[in-house]
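Reading the structure
Each chain, letter by letter, is given below.
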Amino acid sequence: MTPLDYEYLRKLLKERSGLDLSADKQYLVESRLVPLARRSNLAGIPELVQRIKGGAEALTSEVVEAMTTNETFFFRDKIPFDHLKDTVLPGLAQARAGRRALRIWCAAGSTGQEPYSIAMLVKEMTALFTGWRIEIVATDLSQAVLEKARAGLFSQFEVQRGLPIQMLVKYFAQQGELWQLNADIRGMVQHRQLNLLQDFAHLGTFDVIFCRNVLIYFDQPTKAAIFGKLARVLEPDGVLALGAAESVVGITSVFRPYPDRRGLYQPSTAPVARAGAAPHVLKAVASAAR
Amino acid sequence: MRTCLVVDDSSVIRKVARRILEGLDFQITEAEDGAKALEACKRTMPDAVLLDWNMPVMDGYEFLGNLRRMPGGDQPKVVFCTTENDVAHIARALHAGANEYIMKPFDRDIVTAKFQEVGLI
């Protein structure tokens, strides 16, 4: 790949997906796009670039998808899911007891492991949410990735990375070499195509947003703009979960860290909690005391 | 340092598992069948057992039943690691007291995820 080809791809990916590749990421482009070039019967990346310049729109989409599809696995990093189970969902169960409805958004749902992890977790909390309307919306830029997510079919390797064995037995059925999530869990998640660079107000407002391991690929102004849009679709007492290597610090003031819950953030307009206690926990304690 | 007993009749699998688990800061002992593994547990109870199912002399399932009946045998976290990749075997293993279950082939990520799951990492 020539430096000019790399620059062309960098610019294309920035425009199409917001992906902000630094100057030293040629290896990443090669590792993702050489296999794509071969599948397309092209000799290599220079030929791929020529075809894109010639207006091959489907191939361009494939390039963007290949570069933006990221590793994912069930209950990735574990801690955000523990927070969701132990603090966020019990708190929201109290706070939303009147309307008995919750909306959760996985903004980079990828092949489904994250939204389905949340769905299984909610299912495990049946005692709290019986009779509730719980919507889990999973979005991703890539149509191919969404199709895989909808099918809910995972390889043996995929189901062994982060998924407790009890949940595999309880929620999956073996299909030859693959494992398929049961229809009731699949039915809890709606999959939609969405580019985070575009407007997403039409999705409505959410009580919880998982936006993990995707903003790391954007430059600072793009991250700040997305945080601004996320804040507008998150309920004032809602919760935003970011990836382990991501933060709002130094980028935006519309969110602040959730007290004592690493990786979670809340709108800066949310009520301030007493030190050592999370806002939803406080609310739960307050309503229990009444 | 936490200890793990790797039980498998394949020396290659034991070597691969040892390399992965030593990388996760475990001190490793090895046994090539369930009977030898039980002897090892009588001497020193490990924190974890990575356990194959099909082995000569005593298989992993029988070993697990014997281990759980031993004094202190309820303590080690037992992670099956086997080519028996069907729901019936998994359910049997869990019923017998296994804490996690790895379906071969495995890699470092899977072993790490499973040992995290049982709280050993």
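Residues numbered from 1 in each chain as written. Chains lettered and ligands numbered in written order. Predicted model: local features only at pLDDT ≥ 70, side-chain atom pairs only at ≥ 80, totals over all residues.

**Describing the overall build of chain B**
Convention followed: Each helix corresponds to a stretch of at least 4 residues labelled H or I by DSSP, and each strand to a stretch of at least 2 residues labelled E; elements are numbered beginning at the N terminus. Every radius of gyration here is taken over C-alpha atoms, with the globule rule written as 2.2 Å times N^0.38, N being the number of residues. Put simply, a residue is buried when 20 or more other C-beta atoms lie within 10 Å of its own C-beta and exposed when 12 or fewer do; between those, it is partly exposed, and each C-beta is set from the backbone.
When its secondary structure is counted, chain B shows five helices and five strands. Overall, chain B shows an N-to-C arrangement of helices and strands of β-α-β-α-β-α-β-α-β-α. In terms of C-alpha radius of gyration, chain B reaches 13 Å, essentially the compact-globule figure of 14 Å for 121 residues. If one aligns the C-alpha atoms of chain B with their principal axes, the spans along those axes are about 35 × 30 × 25 Å. Within chain B, buried positions represent 40% of all 121 residues.

**Observations concerning the overall build of chain A**
As a reminder, the rule being used: Placing C-beta atoms from the backbone, we regard two residues as in contact once those atoms come within 7 Å.
Looking only at helices and strands, one finds 13 helices and 10 strands in chain A. Taken over C-alpha atoms, the radius of gyration comes to 20 Å for chain A, in line with the 19 Å a tight globule of 290 residues would show. For chain A, the spread of C-alpha atoms along the three principal axes comes to 70 × 50 × 30 Å. Within chain A, residue pairs in contact and separated by at least 24 positions form 71% of the contacts whose partners lie at least 6 positions apart.

**Topic: the interface of chain B and chain A**
Note the threshold: All residues other than Ala, Val, Leu, Ile, Met, Phe, Trp, Tyr, Cys, Pro, Asp, Glu, Lys and Arg, Gly among them, are scored as polar; the first ten of these are nonpolar and the last four charged.
Across the boundary between the two partners, chain B contributes 15 residues, which contact 10 residues of chain A. Mapped by element, the contributors of at least two residues to the side of chain B that touches chain A are helix H4 (87-95), strand S5 (100-103) and helix H5 (108-117) of chain B. When residues in the side of chain B that touches chain A are grouped by element, the largest group, five residues, is from H5 of chain B. Tallied by class, residues from the side of chain B that touches chain A come to nine nonpolar, two polar and four charged.

**Things to note about the confidence of the model for chain A**
Rules: pLDDT measures how confident the predictor is about each residue, on a scale from 0 to 100.
With 93% of its residues at a pLDDT of 70 or more, chain A shows a mean pLDDT of 89. Scored below 50 in pLDDT, residues 281-290 of chain A makes 12 contacts in the model with residues more than four places away or belonging to other chains.

**A closer look at the sheet that holds strand S8 (residues 234-242) of chain A**
Residues and elements named next belong to chain A. Rules: By definition, two strands form a pair when at least two bridges between them are found by DSSP. For helices, the fitted axis covers only the stretch in contact; all axes are lines through C-alpha atoms, and the angles between them, taken along N-to-C directions, range from 0 to 180 degrees.
What the seven strands build is an open sheet, ordered S6-S2-S1-S7-S8-S10-S9; its pairing is mixed. Strands at the two margins of the open sheet, each flanked by one partner only, are strand S6 (189-193) and strand S9 (255-257). Neighbouring strand axes in the sheet, compared pairwise and without regard to direction, differ in orientation by 25 degrees on average. Both S8 and strand S10 (residues 264-267) contribute to a ladder of two bridges, which runs antiparallel. Bridging across to S10, Leu240 finds its partner in Tyr265. The strands that helix H5 (residues 79-95) touches are strand S1 (101-106), strand S7 (206-211), S8 and S10; relative to S8, the one it contacts most, it runs at about 170 degrees.

**Observations regarding helix H4 (residues 57-68) of chain A**
Using the following cut-off: Here the expected length of a helix is defined as 1.5 Å per residue gap, with one fewer gap than residues.
Counted at 1.5 Å a residue, the expected span for H4 of chain A with its 12 residues is 16 Å, and the 17 Å between its end C-alpha atoms agrees. Against helix H1 (3-17), helix H2 (26-39) and helix H3 (45-53) of chain A lie the buried residues of H4 of chain A.

**Comments concerning the sheet that holds strand S3 (residues 48-51) of chain B**
Backbone-to-backbone hydrogen bonds pair the strands of a sheet. The strands run either parallel or antiparallel. Residue and element names in this part refer to chain B. Taken together, the five strands give an open sheet; going across it, the order is S2-S1-S3-S4-S5, and neighbouring strands pair in parallel fashion. Each of the sheet's edge strands pairs with one partner strand only, and the pair in question is strand S2 (26-31) and S5. Adjacent strand axes in the sheet meet at a mean angle of 20 degrees, parallel and antiparallel pairs treated alike. The pairing of strand S1 (residues 2-7) with S3 spans four bridges and is parallel. From the neighbouring strand, Val6 faces S3, where its bridge partner is Leu50. Against the sheet, helix H2 (residues 34-43) contacts S1 and S2, and its axis sits at roughly 160 degrees relative to S1.

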